[in-house]
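Overview (structure and organization)
Given next are the chains, with one letter for each unit.
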Amino acid sequence: MKYTAEVEHMCPLAKAAYHGPAPIPEEGNWVQAKTMEDISGFTHGVGWCAPQQGACKLTLNVKAGVIEECLIETIGCSGMTHSAAMAAEILIGKTIIEAMNTDLVCDAINTAMRELFLQIIYGRTQSAYSKGGLKVGASLEDLGKNLRSQVGTMFATRKTGPRYLEMTEGYVEQVAVDKDGAIIGYKTINFGKFMDAVKGGMDPKEAMEKARTHYGRITPEEGAVKLVDPRKE
């Protein structure tokens, strides 16, 4: 190592006591993280692209510094879905330092990685106080039984009011309105359940009926004056 002439002529002084880094909570333990292998945690991060046209929710399960599991959910941009496919192959098996310095194809995914990296290295993870951390595969619980992202899609204008298009329950088929024109309920189709039934050999029409559900007040007895197709009316 090279030193400047000024430093070379300085007299050495003893270094004060070294207490190491502050411990962070990781998987039920307090850890003084000094190397990449000291980092573990399960958590989520949200990112956005430069034009803010789309966003990404990224979930990582890191064990001993290595990404063992990832869940990538994107919204708002068609190209991001393909970026997510490539990022899913890129992320697994990398250390979080490698992942931070790797192009994850989409700005939104890269930004989510940056935000998530900060949470993990500071111990602010969902598994901080879970002894042994969360099992690899834990992120699938976010998707539910049908393994579909939880999506809400609403559209509204001042002139025509709101339109419910997609809820956690599924595709909004109809909304129920009262005598004042206010939405008081809605009917949905759970596409996850529908596809599972069709793949299992059920007739599509029967599968559609079994996948239908509703929320709120949708009958005349409950105050619903009419049912409206939010995509057509």
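Summarised in this report is the structure supplied together with it.

Here is what the cut-offs are and how they apply
Residues numbered from 1 in each chain as written. Predicted model: local features only at pLDDT ≥ 70, side-chain atom pairs only at ≥ 80, totals over all residues. Heavy atoms only, no water. 1 Å grid on protein atoms, 1.4 Å probe; cavity = no way out; pocket = protein on both sides within 12 Å on 5 of 7 lines; lining within 4 Å. Points joined across faces, edges and corners; volume = space filled by probe spheres on them. Helix = DSSP H or I, 4+ residues; strand = E, 2+ residues; numbered from the N terminus. Nonpolar A, V, L, I, M, F, W, Y, C, P; charged D, E, K, R; others polar. Buried < 20%, exposed > 50% of the residue type's maximum accessible area, 1.4 Å probe, protein only. Lys, Arg positive; Asp, Glu negative; His and termini not counted. Salt bridge = Lys/Arg side-chain N within 4 Å of Asp/Glu carboxyl O. Polar contact = N/O pair within 3.5 Å; in protein donor to acceptor, adjacent residues only side chain to side chain. Contact = heavy atoms within 4.5 Å. Pairing = 2+ DSSP bridges. Axes fitted to C-alpha atoms, helices over the stretch in contact; angles between N-to-C directions. Phe/Tyr/Trp six-rings, centres within 6.5 Å; stacked < 30°, edge-to-face > 60°. Core = buried A, V, L, I, M, F, W, Y, C linked by side-chain atoms within 4.5 Å. Parallel < 35°, antiparallel > 145°, perpendicular 65-115°, else oblique.

In this model, the largest pocket occupies a volume close to 280 Å³. Lining the largest pocket are 19 residues, with R148, S149, Q150, T168 and N190 sitting closest to its centre. When contributions to the lining of the largest pocket are tallied by element, the ones reaching two or more residues are β7 (161-167), β8 (170-177) and α5 (191-199). Counted by class, the lining of the largest pocket contains 7 nonpolar, 8 polar and 4 charged residues.

Relative to the helices and strands, D178 is located in the loop between β8 and β9 (183-189). It is R217 that comes nearest to the buried, bridge-free D178 among opposite-charge side chains, at 5.3 Å. Looking at D178, its side chain comes within polar contact range of the main-chain nitrogen of D180, at 2.9 Å. With near-sequence residues (within four places) excluded, D178 lies in contact with I184, G223 and V225.

Right, let's get into α5. The α-helix winds at 3.6 residues per turn, so residues separated by three or four positions along the chain end up facing the same way. Buried within α5 are the following residues: G192, F194 and A197. Turning to α5, the residues buried within the fold contact α6 (204-211). A distance of 3.0 Å separates the backbone nitrogen of G192 from a side-chain oxygen at the start of α5, and that oxygen is part of N190. Directly after α5, the chain includes G201, whose backbone phi takes a positive value near 105°.

Right, let's get into the sheet that holds strand β4 (residues 55-63). Strand order in the open sheet formed by 3 strands is β3-β4-β5, and the pairing between neighbours is antiparallel. Two strands bound the open sheet, and with one partner strand each, they are β3 (41-48) and β5 (66-75). Averaged over all pairs of adjacent strands, the angle between strand axes in this sheet comes to 15°, irrespective of strand direction. Lying on the sheet, helix α2 (residues 78-91) is in contact with β4 and β5; it crosses β5 at an angle near 175°. Where helix α4 (residues 107-121) meets the sheet, it contacts β3, β4 and β5, and its direction lies at approximately 140° from that of β3.

This part takes up the packing of aromatic side chains. Tallying each qualifying case throughout the model produces 4 aromatic pairs. Relative to Y129, the ring of W30 has its centre 6.2 Å away and its plane inclined at 70°; by these criteria the two rings are edge-to-face. Within this pair, whereas W30 is found in strand β2 (residues 29-31), its partner Y129 is found in the loop between α4 and β6 (153-157), the two being separated by 99 residues in sequence. Each member of the pair, W30 as well as Y129, carries the same accessibility label: exposed.

Let's shift gears to the nonpolar core. L58, L60, I72, L91 and M113 are the most contacted members of the largest nonpolar core, which has 25 residues in total. Elements with a contribution of two residues or more to this core: β4, β5, α2, α3 (96-100) and α4. Broken down by element, this core gets its largest block of residues, 7 residues, from α4. Excluding its chain neighbours within four sequence positions, the residues that come into contact with L91 are L58, L60, I67, C70, I72, A99, L104 and M113. Grouped together as the second largest cluster of nonpolar side chains are 6 residues, M167, V172, V175 and V177 included.

This next bit is on the packing of α2 against α4. α4 packs onto α2 with a crossing angle of 45° between their chain directions and a minimal axis gap of 9 Å. Relative to α4, the element α2 lies oblique. Contact residues: M80, S83, A84, A87 and L91 in α2; A108, I109 and M113 in α4. Class assignment for the residues of the contact of α2 with α4 results in 7 nonpolar, 1 polar and no charged.

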